[in-house]
Protein chains: 6
Amino acid sequence: MNASTASPGTGLVVSAHSADFVWRAGGAIASHVRQGYRMKIVCLSYGERGESAKLWRKEGMTLDRVKEARREEAQKAADILGAEIEFFDLGDYPLRVTDEAFYRLVDIYRDLQPSFVLSHSTKDPYNFDHPLAMHVAQETRIIAQAEGHNPGQKVIGAPPVYAFEPHQPEQCEWTPNTFLDITDVWDIKRQAIECMAGQEHLWAYYTRVAQQRGVQAKRNIGITAARNIEYAEGYMRLTPAVVGDLA
Amino acid sequence: MNASTASPGTGLVVSAHSADFVWRAGGAIASHVRQGYRMKIVCLSYGERGESAKLWRKEGMTLDRVKEARREEAQKAADILGAEIEFFDLGDYPLRVTDEAFYRLVDIYRDLQPSFVLSHSTKDPYNFDHPLAMHVAQETRIIAQAEGHNPGQKVIGAPPVYAFEPHQPEQCEWTPNTFLDITDVWDIKRQAIECMAGQEHLWAYYTRVAQQRGVQAKRNIGITAARNIEYAEGYMRLTPAVVGDLA
Amino acid sequence: MNASTASPGTGLVVSAHSADFVWRAGGAIASHVRQGYRMKIVCLSYGERGESAKLWRKEGMTLDRVKEARREEAQKAADILGAEIEFFDLGDYPLRVTDEAFYRLVDIYRDLQPSFVLSHSTKDPYNFDHPLAMHVAQETRIIAQAEGHNPGQKVIGAPPVYAFEPHQPEQCEWTPNTFLDITDVWDIKRQAIECMAGQEHLWAYYTRVAQQRGVQAKRNIGITAARNIEYAEGYMRLTPAVVGDLA
Amino acid sequence: MNASTASPGTGLVVSAHSADFVWRAGGAIASHVRQGYRMKIVCLSYGERGESAKLWRKEGMTLDRVKEARREEAQKAADILGAEIEFFDLGDYPLRVTDEAFYRLVDIYRDLQPSFVLSHSTKDPYNFDHPLAMHVAQETRIIAQAEGHNPGQKVIGAPPVYAFEPHQPEQCEWTPNTFLDITDVWDIKRQAIECMAGQEHLWAYYTRVAQQRGVQAKRNIGITAARNIEYAEGYMRLTPAVVGDLA
Amino acid sequence: MNASTASPGTGLVVSAHSADFVWRAGGAIASHVRQGYRMKIVCLSYGERGESAKLWRKEGMTLDRVKEARREEAQKAADILGAEIEFFDLGDYPLRVTDEAFYRLVDIYRDLQPSFVLSHSTKDPYNFDHPLAMHVAQETRIIAQAEGHNPGQKVIGAPPVYAFEPHQPEQCEWTPNTFLDITDVWDIKRQAIECMAGQEHLWAYYTRVAQQRGVQAKRNIGITAARNIEYAEGYMRLTPAVVGDLA
Amino acid sequence: MNASTASPGTGLVVSAHSADFVWRAGGAIASHVRQGYRMKIVCLSYGERGESAKLWRKEGMTLDRVKEARREEAQKAADILGAEIEFFDLGDYPLRVTDEAFYRLVDIYRDLQPSFVLSHSTKDPYNFDHPLAMHVAQETRIIAQAEGHNPGQKVIGAPPVYAFEPHQPEQCEWTPNTFLDITDVWDIKRQAIECMAGQEHLWAYYTRVAQQRGVQAKRNIGITAARNIEYAEGYMRLTPAVVGDLA
């Protein structure tokens, strides 16, 4: 394999419901795919009970049909973003994580060897599935680091963990200490957003989120910087950075 | 000037007392100098009253003689680290910042156009000069960004601001979200430390600080990383990072 | 139905042990009943193991007899306050919430359609049953909002959630951002308090709590206000208020 | 005076720079004016140095001309909103508050007897003038409550204090615990915004802020509420509320 | 000097207004006096403008007469408690601390060599004089530790600093991590309280505070402890304890 | 029993993994044993999967052999420190606590009647077993206080709870409000540390931790104190202290 085709790394996204990764991390996924990363999304549930109001208002809906519709939307969005996606189908509202699902996620860590991990905020008074997803993403990461878990397998390093933006950031004690410029991939994220037919009312909302974070990101590099930023995603990095320079 | 000699940037260190920059940021200074940065240190005071106990125990000491001794030590340390140094001589215990000194620091921002700024923790119950220094470092940075301050001068961008490690980190609500690997320049930092003849009791203390932060930094890149880290400095970044990738 | 008999709404109180609602929210219950609200109390346990010390010191006591005594006291207090009460009998010290109990509380939300919800502080180092009760009160509220839970049932809106006052407020990170004037119903609350024969040592304590909160409430409307406040209850509102004016 | 013309109260807005009140509290001002409140704005400075970049780029600009332009814009915006406005002209970047200005604000409290007070967030790492304005708004409020200050004058009560939304909310530890519905007066706020010719780049930004807060406010009253909310302003109430019911 | 007359130490109380030390630390003063400590109170102001409402309502009052009345009350209370008292007369609402007063307090530290220091909470949205008093108490303590301040004088050690209880504890981010049993000296504190003729409405309030803290203190030593506690004062210790055992 | 043989009390240490008690509380154990305390350690797991990397790299390792090796090390360390030790063998990475284990710990509380309790920090993003151990230590302590749990048994009082130092203190929101001087027993702690053959890389790290905390403890008693402190352990006391004097 020559250098030009070598992957710069991999990224793991742990999403409580099947649409969360689109609104909150779609830009990061598309951007890293463009940079050559292998990106993998794990959807713990389809969000079939709590985040599919529009679907439930259709006649003749059943849980299975809602799940199927949600799965299709999420798969399509993942395809557009260029990512792999895996569905755990654990149920939502409330999400509960079985031991089997827990170790399945550990296995994914071991197999993927992610360079970074994205999941929900650690607190969310509007949605208790979200912090649980992050908790599991963090705890399984630690198990995957343990030499005594499935000895012989390659343990993982210490990929940084980021919380992506919740719906009402300040209520969730979520502060964006990291802005990712997604201007170049915004059109892709928007296409992925438009796959979420059941939540059309959120399209404009998350477009504005990206614009606001873009303005803020620009302000944080300063007025004198040449680079323009129109769209950005905010992240709260939970793990310390180890760097070689501070600029 | 050809590309190979072009500076990658500049760094500003705002130190309440004349020795603070050595213990707390000596590694960052040496490391960035080695990378080609122009580094500038501002000492708001000499620490002549509050941090020169050993000198005061010598016979015949006067305030001027203490200040002179402290200045010499600091100058020598700065020379070893490869940085410029400027003394504001504002007095310590308590430090008070005049308007004149305030605008002198604004001018330094405008002139230096720093790529990053280092100063004290924003809280320190053991030393009220420290948070004041950081407050002034932050407020003058904002003035230097204002187009209406000395119109015509080049305004500065938005250099990231970092708080370096205080003496008792947890009491100061200081959390290191950034570790800087200083293994390669540790010998230089140690030489600079040894210039501080009046505070010899702190040499071993800050050597151990660097070792502990080194172990922690290593843990934060993970056991699987090839790179070894023996010495590090911890920083608390106060301003959000704007990045192109999350790995 | 004519306007004068229309209920202004309903309120739900989730109490870990069978006496908590009296000390902590008895005034709110009585006050809202007087205003025409339908008030419903859910007691997750009787507090039979952890909050019945005096009963256990009687000869011949058994768990069932303690529970029976506690139930009678709580029923009597609820009657005095004018509220409905329902006992889940989940056990205490430690309280554990089964799936069945969880969904029973969801059903109550759906049926009652509460205008507001009261429960414990989210943290309490003296009593781990308390934060668990609040956690369940919050999570079931979210399930009751989900269109996909028992589709066809009427979902609930977004009733504000309040934490009532814990025994040692500051240790519980509980801050009263809302004071409810209970002067007019104080005599009713005191009667309800006196039903708690097993905890007579707390009568004076919680009378003083009401007096102190009364003084504080008065101070927060200002010395110039005509209204006097002698007794109050403090609440920590956890959810944002949506208002039409700010006065 | 007959009941229909009686004022329901008065409101005080303390703005560090002459445009802050428009972006951050324009909706509250217009809404309360419509409800009959007398609204008064105090601008501590014109924002002439730090928030007039566009003006400074015009040829032949002087400090006085910038101030004059800013004053005109602010006066026009206040007129549109229906509020009184008073300029303290204390200078900005940095703002410094003299004793004279301090007591002038106390006098305004005594004269206006405000029903509520709006000012900046208590922390803002991007702008140190903002927290200073809030600090002064709070401290002068307390002086105005003191019977021994200008004895004989009527003291004020305890008007609630709100922090309006800063530019980068999460960085300022600002959390909106109160949403004000401004849908009905949005067109007026937008007109006032458009007076700020020197900061046209912010028009769209603050329109989106109002839309996002509108969506969030709607979510906080619940999907089942009849009322629609398209535009809102977020506030962080700093003082406890004293209420008669909790719904 | 024989052992029976040796003082176990000294204590310093820094009070913003002349009555604060009575309500908030009267028990600690009396208790330590009884244990043989020399206790010294510094009143930065008389509280003549902000905490003398009742006096101002008397006919013919002037600032001097209010101050005189407040001084007499405070002197009498100090006498009853057995403490020395010194008045700085710096004015209140707002309190401002001159350089002269600052260094006078440093001198008191040097002279008294306190074993512990008591002052206000570090935050108080109802009273900005209080946190300023604590700030000055802390900063002067640090100056008194500096060998270069008045070289030749005996520097002080590191006396622990405690914040006594503010009027509305939770609003002030004040948490009592230390309870002092004042049961034995309660009658003395109550006598001192009754010297405050101008604030009679607070007598019952602070009696109840002592009772509530007594109950809480008792709970924190546990039901099995033989010792009874009827009255206590809560303190927030700001500096770490260095101990020889953990029981 | 004569006074010279009376035990001053007992101490309980709840350790998630079998080596934690050595690094983090070895000094406290040895010091209290020397003072006559009966000290008991509970190891919830052997740390066989997550903290035995070196052992796993040996050929032919199995889970049982790792556990056996870890048990021997821990037993030897406990013997050196002079403490009793009990192994719950609940598994690690992840630790999960069964009802049986939960009540076994309650029984130990009842039997031991501890004077104080030591366990992990309440948060640790690097290790989720640690906060779980502390949670269980706290919740079982409360059950052991309940008169209705195993009526007839002697309930416990309210032993203070301390969190010992985690590996990366600031990341764990752990602040040492208590320093224990372990200078006199340092040699014993070091011997116990050297039993941990599988984690030799940590010996020097935790020796430096003890030295750093020693310097900090010394600073917190002040330069004027006669006592020297070379080694210390930091603790975060979670429960309020009830004291008779404040010096």
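Residues numbered from 1 in each chain as written. Chains lettered and ligands numbered in written order. Predicted model: local features only at pLDDT ≥ 70, side-chain atom pairs only at ≥ 80, totals over all residues. Heavy atoms only, no water.

## Description of the overall build of chain A
Here is step 1: The helix and strand inventory of chain A stands at 7 helices and 8 strands.
Here is step 2: Taken against the 2.2 N^0.38 rule, which gives 18 Å for 247 residues, the C-alpha radius of gyration of chain A at 18 Å falls within 12% of a compact globule.
Here is step 3: Oriented by its inertia axes, the alpha-carbon framework of chain A measures out at about 60 × 50 × 40 Å.
Here is step 4: For chain A, the residues scored as buried account for 65% of the 247 residues in total.
Here is step 5: Put simply, of all contacts in chain A between residues at least 6 apart along the chain, 76% involve residues at least 24 apart. (Helix = DSSP H or I, 4+ residues; strand = E, 2+ residues; numbered from the N terminus. Rg over C-alpha atoms; globule rule 2.2 N^0.38 Å. Buried < 20%, exposed > 50% of the residue type's maximum accessible area, 1.4 Å probe, protein only. Contact = heavy atoms within 4.5 Å.)

## Some remarks on helix α5 (residues 129-145) of chain C
Here is step 1: Spanning 17 residues, α5 of chain C covers 25 Å between terminal C-alpha atoms, matching the ideal 24 Å at 1.5 Å per step.
Here is step 2: Among the 17 residues in α5 of chain C, 14 count as buried, and that is most of the element. (Expected span 1.5 Å × (residues − 1).)

## Concerning the pattern of salt bridges
Here is step 1: Per the counting criterion, the structure on display carries 82 salt bridges over all chains.
Here is step 2: Residue Arg104 of chain A is joined to Glu86 of chain A by a salt bridge in which the shortest nitrogen-to-oxygen separation is 3.1 Å. With Arg104 of chain A in helix α4 (residues 99-112) and Glu86 of chain A in strand β3 (residues 84-87), the pair connects residues that are 18 residues apart, well separated along the chain.
Here is step 3: The exposure class assigned to Arg104 of chain A is partly exposed, which follows from its relative accessible area of 32%.
Here is step 4: Notably, a salt bridge pairs Asp111 of chain D with Arg38 of chain D, separated by 4.0 Å at the nearest N-O pair. Of this pair, Asp111 of chain D sits in helix α4 (residues 99-112) while Arg38 of chain D sits in strand β2 (residues 38-43); the two residues are 73 residues apart in sequence, bridging distant segments of the chain. (Salt bridge = Lys/Arg side-chain N within 4 Å of Asp/Glu carboxyl O.)

## What about the pairing of strand β6 (residues 178-181) of chain F?
Here is step 1: A two-sided burial pattern is seen for β6 of chain F, the buried positions comprising Thr178 and Leu180 of chain F on one face and Phe179 and Asp181 of chain F on the other.
Here is step 2: The sheet contact formed by strand β8 (residues 241-243) of chain E and β6 of chain F spans 3 bridges and is parallel. Its bridge partner being in β6 of chain F, Val242 of chain E is matched across the sheet by Phe179 of chain F.
Here is step 3: Relative to strand β7 (residues 232-237) of chain F, β6 of chain F runs antiparallel, the two being bridged by 4 bridges. Each bridged residue has a counterpart across the sheet, and for Phe179 of chain F the counterpart in β7 of chain F is Gly234 of chain F. (Pairing = 2+ DSSP bridges.)

## Topic: the sheet that holds strand β4 (residues 116-119) of chain F
Here is step 1: Spatially, 8 strands are ordered β8(E)-β6(F)-β7(F)-β5(F)-β4(F)-β1(F)-β2(F)-β3(F) in an open sheet, and the strand pairing comes out mixed. The outermost strands of the open sheet, each flanked by one partner alone, are β8 of chain E together with β3 (84-87) of chain F. Taking the axes of each pair of neighbouring strands and ignoring which way they run, one obtains an average angle of 25 degrees across the sheet.
Here is step 2: Examined bridge by bridge, strand β5 (residues 161-164) of chain F and β7 of chain F share 3 bridges and lie antiparallel to one another. When the bridges of β7 of chain F are listed, Ala163 of chain F appears paired with Met236 of chain F. (Axes fitted to C-alpha atoms, helices over the stretch in contact; angles between N-to-C directions.)

## Overview of the side chain of Asn220 of chain E
Here is step 1: Within the secondary structure, Asn220 of chain E is located in helix α7 (residues 203-221).
Here is step 2: Classification of Asn220 of chain E by relative accessible area gives buried; the value is 8%.
Here is step 3: With residues near it in sequence (within four places) discarded, Asn220 of chain E still touches Tyr126 and Gln168 of chain C, Phe179 of chain E together with Ala158, Pro240 and Val242 of chain F.

## Notes on the interface of chain B and chain F
Here is step 1: In this assembly, 22 residues from chain B lie in contact with 22 residues from chain F.
Here is step 2: The junction of chain B with chain F conceals about 2,200 Å² of combined surface from both sides, 43% of it contributed by carbon and sulfur atoms.
Here is step 3: If you look at where chain B meets chain F, you find 2 salt bridges.
Here is step 4: One salt bridge connects Arg213 of chain B with Glu170 of chain F, and the closest N-O pair in it is separated by 2.6 Å.
Here is step 5: Looking at the side of chain B that touches chain F, the element that brings in the most residues is helix α7 (residues 203-221) of chain B, giving 10 residues.
Here is step 6: Tallied by class, the residues present in the side of chain B that touches chain F amount to 9 nonpolar, 8 polar and 5 charged. (Buried area = accessible area lost by both parts, 1.4 Å probe. Nonpolar A, V, L, I, M, F, W, Y, C, P; charged D, E, K, R; others polar.)

## What about the relation of the copies chain B and chain F?
Each copy of the chain is related to the other by a rotation around an axis and a translation along that axis.
Here is step 1: Under the fitted operation, chain B is carried onto chain F by 0.0 Å of movement along the axis and a turn of 180 degrees, and the coordinates agree to an RMSD of 0.0 Å. When the rotation and shift are considered jointly, the pair of chain copies conforms to a two-fold rotation axis.
Here is step 2: The overlap is high: 100% of the interface residues of chain B also sit at the interface in chain F, so the same surface is used on both sides. (Least-squares fit on C-alpha atoms with pLDDT ≥ 70 in both.)

## Here's the deal with the packing of aromatic side chains
Here is step 1: Applying the stated criterion across every chain, the model contains 42 aromatic pairs over all chains.
Here is step 2: Plain terms: the ring middles of Tyr205 of chain E and Tyr206 of chain E are 5.1 Å apart, the flat faces sit at 80 degrees to each other, and that makes the pair edge-to-face.
Here is step 3: Residue Tyr205 of chain E is classed as buried on the basis of its relative accessible area of 3%.
Here is step 4: Residue classification places Tyr206 of chain E among the buried positions, given a relative accessible area of 3%.
Here is step 5: Taken together, Trp23, Tyr205 and Tyr206 of chain A form an aromatic cluster joined through their ring pairs.
Here is step 6: In this arrangement the basic side chain of Arg96 of chain D is found over the ring face of Phe102 of chain B, its NZ or CZ atom lying 5.5 Å from the centre. (Phe/Tyr/Trp six-rings, centres within 6.5 Å; stacked < 30°, edge-to-face > 60°. Lys NZ or Arg CZ within 6 Å of the ring centre and 35° of its normal.)

## Describing the nonpolar core
In a soluble, globular protein the nonpolar side chains are often hidden away together inside.
Here is step 1: Within the largest apolar cluster, 45 residues are counted, with the highest numbers of intra-cluster contacts made by Leu246 of chain A together with Phe21, Ile29, Ile41, Leu118 and Tyr235 of chain B.
Here is step 2: When residues in this core are grouped by element, the largest group, 7 residues, is from helix α1 (residues 20-34) of chain B.
Here is step 3: Those residues in contact with Leu246 of chain A that lie beyond four places of it in its chain are Ala28, His32, Phe116, Leu118, Pro160, Tyr162, Thr178, Leu180 and Tyr235 of chain B. (Core = buried A, V, L, I, M, F, W, Y, C linked by side-chain atoms within 4.5 Å.)

## A word on the interface of chain A and chain B
Here is step 1: At the junction of the two partners, chain A supplies 39 residues and chain B supplies 39 residues.
Here is step 2: Of the roughly 2,800 Å² buried where chain A meets chain B, counting both sides, 61% is carbon and sulfur surface.
Here is step 3: The largest per-residue losses of area from chain A upon contact with chain B belong to Pro240, Val242 and Leu246 of chain A, which jointly make up 26% of the total buried on that side.
Here is step 4: Across the contact surface, chain A and chain B share 0 salt bridges.
Here is step 5: At the surface where chain A touches chain B, the tally comes to 18 residue pairs in polar contact (both at pLDDT 80 or more).
Here is step 6: Of all the secondary-structure elements, those providing two or more residues to the side of chain A that touches chain B are α1 (20-34), β4 (116-119), β6 (178-181), α7 (203-221) and β8 (241-243) of chain A.
Here is step 7: The residue makeup of the side of chain A that touches chain B, split by class, is 23 nonpolar, 11 polar and 5 charged. (Polar contact = N/O pair within 3.5 Å; in protein donor to acceptor, adjacent residues only side chain to side chain.)

## Quick word on the packing of α1 of chain A against helix α3 (residues 63-81) of chain A
All names here are of chain A.
Here is step 1: It is the contact of α1 with α3, at a shortest axis distance of 9 Å, that shows an interaxial angle of 30 degrees. As summarised for this structure, α1 and α3 are arranged roughly parallel, according to the angle between their axes. Here Phe21, Val22, Gly26, Ile29, Ala30 and Val33 of α1 come into contact with α3, specifically with Ala74, Ala77, Ala78 and Leu81.
Here is step 2: Of the residues contributing to the contact of α1 with α3, the split by class is 9 nonpolar, 1 polar and no charged. (Parallel < 35°, antiparallel > 145°, perpendicular 65-115°, else oblique.)

## Things to note about the sheet that holds strand β3 (residues 84-87) of chain E
Strand pairs in the sheet, formed through backbone hydrogen bonds, run parallel or antiparallel to each other.
Here is step 1: On the basis of which strands lie adjacent, the open sheet formed by 8 strands has the order β3(E)-β2(E)-β1(E)-β4(E)-β5(E)-β7(E)-β6(E)-β8(F) and mixed pairing. Strands with a single pairing partner mark the edges of an open sheet, and in this sheet they are β3 of chain E together with β8 (241-243) of chain F. Mean inter-strand twist for the sheet, computed between neighbouring axes without regard to direction, equals 25 degrees.
Here is step 2: Here 3 bridges tie strand β4 (residues 116-119) of chain E to strand β5 (residues 161-164) of chain E, and the two strands are oriented parallel to one another. When the bridges of β5 of chain E are listed, Leu118 of chain E appears paired with Tyr162 of chain E.

## Topic: the environment of Glu200 of chain F
All names here are of chain F.
Here is step 1: Tracing the chain through its elements places Glu200 in the loop between α6 (186-193) and α7 (203-221).
Here is step 2: Since its relative accessible area comes to 44%, Glu200 is described here as partly exposed.
Here is step 3: Counting along the chain gives 146 residues from Glu200 to Lys54, while the straight-line C-alpha distance between them is 9.2 Å.

## A word on the confidence of the model for chain A
Here is step 1: Taken over all residues, the pLDDT of chain A has a mean of 95, while the share at 70 or more is 98%.
Here is step 2: The complex prediction reports pTM at 0.97, with the ipTM value standing at 0.94. (pLDDT = per-residue confidence, 0-100.)

## A closer look at the packing of α4 of chain D against helix α5 (residues 129-145) of chain D
Residue and element names in this part refer to chain D.
Here is step 1: Relative orientation of the contacting elements α4 and α5 amounts to 60 degrees, with a least axis distance of 9 Å. Taken as axis vectors, α4 and α5 run oblique relative to one another. Both α4 and α5 take part in a crossing whose hand is right-handed. Residue-level contacts link Phe102, Tyr103, Leu105, Val106, Tyr109 and Arg110 of α4 to Val136, Ala137, Glu139, Thr140, Arg141, Ile143 and Ala144 of α5.
Here is step 2: Per-class residue counts for the contact of α4 with α5 are 9 nonpolar, 1 polar and 3 charged. (Left-handed = near helix turned anticlockwise from the far one by under 90°.)

## Describing unusual backbone geometry
Here is step 1: Each neighbour pair has its own omega, and for Tyr93 of chain B with Pro94 of chain B the value is 5 degrees, a cis peptide bond.
Here is step 2: Summarising the element assignment, Pro94 of chain B is placed in the loop between β3 (84-87) and α4 (99-112).
Here is step 3: For Glu173 of chain C, which is not glycine, the phi torsion reads 50 degrees and is therefore positive.
Here is step 4: Among the structural elements, Glu173 of chain C can be located in the loop between β5 (161-164) and β6 (178-181).
Here is step 5: Note on Glu173 of chain C: relative accessible area 54%, which makes it exposed.

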